[in-house]
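Coordinate inspection notes
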Amino acid sequence: MKITWWGHAAIQIEGSKIVIIDPFLTGNPVAAISPDKINQADLVAVTHDHGDHLGDAFTICQQTGATLVAIHEIAVMAEEKGIKAEGMNIGGSIEVEGVVVHMVNALHSCDKGHPAGVVIEMDGRKLYHAGDTALTYDMKLIGEFFQPDLSFLPIGDRYTMGIPSAVKAVEFTQTKRVIPIHYGTFPLVEADPHEFQRRVGNLAEVIILKQGESYILE
Ligand code: NI
Ligand code: MN
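Residues numbered from 1 in each chain as written. Chains lettered and ligands numbered in written order. Predicted model: local features only at pLDDT ≥ 70, side-chain atom pairs only at ≥ 80, totals over all residues. Heavy atoms only, no water.

**Here we look at the coordination of the manganese ion (ligand 2)**
Heads up, the rule is: In this analysis a donor is any N, O or S atom within 2.8 Å of a metal ion (3.2 Å for sodium, potassium and calcium), and since water is not included, sites may seem incomplete. For every residue, the accessible area (1.4 Å probe, protein chains only) is compared with the maximum for its type, and the residue is labelled buried under 20%, exposed over 50%, or partly exposed between those bounds.
Distances from the manganese ion (ligand 2) to its protein donors, Asp52 (OD), His53 (NE2), Asp132 (OD) and His182 (NE2), fall within 2.1 to 2.2 Å. Sequence spacing of the donors to the manganese ion (ligand 2): D-H-x78-D-x49-H. Between the two metals, the manganese ion (ligand 2) and the nickel ion (ligand 1), the spacing is 3.4 Å, and aspartate 132 donates to both. Of the two residues, aspartate 52 and histidine 53, neither departs from the other in class, the shared state being buried.

And the structure:
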């Protein structure tokens, strides 16, 4: 399974299907790809409707034919644009083309619906994308239910968890590996991923990517 960080919270997961999460590319100063270069995707998941997450999701769905998966209110917006969408809500799970998406809680704000995180199950692997969130005690439930093979956790502080909270989130979720996201995009979300790595210690493997870099999950 190949995991690529396009920058900010944008993640691409390539296994038997191609799943893209929070593709904020246009207007993202560190985006490693432009949306017109993404010509293959099966599923695009969006955690909430802030511009740095919804981003180019609709455009990518239109040009690839991918199904948009998001909270009900965002899915309705997509359907109004003629996009194939599957709406869901926190606590629910759906299967789209053999990929299972579990929607989990996120503590944040948004305009439509409610912010969320997603656990993606594909090819026997579980990957947790936290979206934008504070540290919550609910993350212990992710640990109890899923024990993710790999998690994408924000560390940029100010709008999301900072490093101390994200380290606690690693512990709560019992994730085996973690890729820090939502930092290094704008001056307001600067963070040192190496400090995060040091503080996580041997709780989990911390994989630090540069924007555009990939990690192979064996
Ligand atoms: Ni947000
Ligand atoms: Mn954000």
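Moving on, there is more to tell.
**As for the coordination of the nickel ion (ligand 1)**
Note the threshold: The geometry test gives tetrahedral to four donors whose angles all lie between 85 and 135 degrees, gives square planar to four donors and octahedral to six donors whose opposite members are over 155 degrees apart with all other angles between 65 and 115, and gives irregular to the rest.
Here the nickel ion (ligand 1) is held by the protein donor atoms His48 (NE2), His50 (ND1), His108 (NE2) and Asp132 (OD), which lie 2.2 to 2.3 Å from it. Bound by 4 donor atoms, the nickel ion (ligand 1) shows angles of 91 to 172 degrees at the metal and therefore irregular coordination geometry. Mapped onto the polypeptide sequence, the residues donating to the nickel ion (ligand 1) form the spacing pattern H-x1-H-x57-H-x23-D.

**Considerations on the packing of aromatic side chains**
How we decide: Here the aromatic set is Phe, Tyr and Trp, taking the six-membered ring for Trp, and pairing holds for ring centres within 6.5 Å; pairs whose planes are under 30 degrees apart are stacked, those over 60 apart are edge-to-face, and all others are tilted. Helix and strand definitions follow DSSP, with helices as H or I runs of at least four residues and strands as E runs of at least two, each counted in order from the N terminus.
Per the stated rule, a full pass over the model turns up 4 aromatic pairs. Measuring from ring centre to ring centre gives 6.4 Å for phenylalanine 24 and phenylalanine 186, while their planes differ by 40 degrees; the resulting arrangement is tilted. On the criterion of sequence distance, the pair formed by phenylalanine 24 in the loop between strand E3 (18-21) and strand E4 (43-45) and phenylalanine 186 in the loop between strand E12 (177-181) and helix H6 (193-200) is long-range, its members being 162 residues apart. Among the residues examined, phenylalanine 186 registers a relative accessible area of 30% and is labelled partly exposed. Look at tyrosine 137 and phenylalanine 172: their rings are 5.3 Å apart centre to centre, the planes differ by 75 degrees, and that puts the pair in the edge-to-face class. You can see tyrosine 137 sitting in the loop between strand E10 (125-129) and helix H4 (139-145) and its partner phenylalanine 172 sitting in helix H5 (residues 163-173), a full 35 residues away along the chain. Note on tyrosine 137: relative accessible area 61%, which makes it exposed.

**Some words on the sheet that holds E10**
Rules: The rule for pairing is simple: two strands pair if DSSP sees at least two bridges between them. Contacts between residues were defined by any pair of non-hydrogen atoms, one from each residue, lying within 4.5 Å. Axes here refer to lines fitted to C-alpha atoms; in helices the fit is confined to the stretch in contact. Angles between the N-to-C directions go from 0 to 180 degrees.
Strand order in the open sheet formed by 7 strands is E7-E8-E9-E10-E11-E12-E13, with mixed pairing between adjacent strands. What marks the edges here is a single partner per strand, and that holds for strand E7 (93-96) and strand E13 (205-206). As defined by bridge partners, strand E11 (residues 150-154) adjoins E12 across 4 bridges and the pair is classed as parallel. Directly across from leucine 153, in E12, lies its bridge partner proline 180. Set on the sheet, H5 makes contact with E10, E11 and E12; between it and E11 the angle comes to about 150 degrees.

**Comments concerning the pairing of E3**
Alternating positions in E3 separate into two faces, Ile18 and Ile20 on one and Val19 and Ile21 on the other, with burial throughout. Relative to E3, strand E2 (residues 10-14) runs antiparallel, the two being bridged by 4 bridges. Looking across to E3, one finds that isoleucine 13 is bridged to valine 19. Hairpin connection, E2 to E3: the antiparallel pair is bridged by 3 residues. Inspection of the sheet shows E3 paired to E4 by 3 bridges, in the parallel sense. Its bridge partner lying in E4, isoleucine 21 is registered against alanine 45.

**Here's the deal with the side chain of threonine 133**
Put simply, the test is: Polar contact is the term for a pair of N or O atoms within 3.5 Å; when the atoms are in protein, one must be able to donate a hydrogen and the other to accept it, and sequence-neighboring residues count only if both atoms are side-chain atoms.
Position of threonine 133 relative to the elements: it lies in the loop between E10 and H4. Since its relative accessible area comes to 0%, threonine 133 is described here as buried. From its side chain, threonine 133 meets the backbone nitrogen of leucine 107 in a polar contact 2.9 Å long. Those residues in contact with threonine 133, other than ones at most four positions away along the chain, are Ala106, Leu107, Met139, Pro154, Thr160 and Met161.

**Observations regarding the packing of H5 against H6**
Between two packed helices, what matters for the description is the angle formed by their axes and the separation of those axes. Stated formally: Oblique is the label for every angle not falling under 35 degrees (roughly parallel), over 145 degrees (roughly antiparallel), or within 65 to 115 degrees (roughly perpendicular). Crossing handedness follows the turn of the near helix against the far one: under a right angle anticlockwise gives a left-handed crossing, and clockwise gives a right-handed one. Following the grouping adopted for this structure description, the nonpolar residues are Ala, Val, Leu, Ile, Met, Phe, Trp, Tyr, Cys and Pro, the charged ones are Asp, Glu, Lys and Arg, and the polar ones are all others, Gly among them.
Where H5 meets H6, the axes come as close as 10 Å, and the angle between the chain directions of the two elements is 45 degrees. With respect to H6, the axis of H5 lies oblique. Pair H5 / H6 crosses with right-handed handedness. Here Ile163, Pro164, Ala166, Val167 and Val170 of H5 come into contact with H6, specifically with Glu195, Phe196, Arg199 and Val200. The class makeup of the residues in the contact of H5 with H6 is 7 nonpolar, no polar and 2 charged.

**A closer look at the layout of surface pockets**
Basically, it comes down to this: Both cavities and pockets are sets of points on a 1 Å grid over the protein atoms alone; in a cavity a 1.4 Å probe fits but cannot get out, in a pocket the set is open with protein on both sides within 12 Å along at least five of seven lines, and lining residues sit with an atom within 4 Å of a point. Grid points are joined across faces, edges and corners, and a volume is the space filled by probe spheres set on the points.
What the largest pocket holds in volume is close to 250 Å³. Taken together, 17 residues form the lining of the largest pocket, with Met103, Val104, Asn105, Leu141 and Ile142 sitting closest to its centre. Put simply, the parts of the chain that give the lining of the largest pocket at least two residues each are strand E8 (99-105) and H4. The residue makeup of the lining of the largest pocket, split by class, is 9 nonpolar, 7 polar and 1 charged.

Honestly, that's just the spatial picture; any functional story needs more than this.
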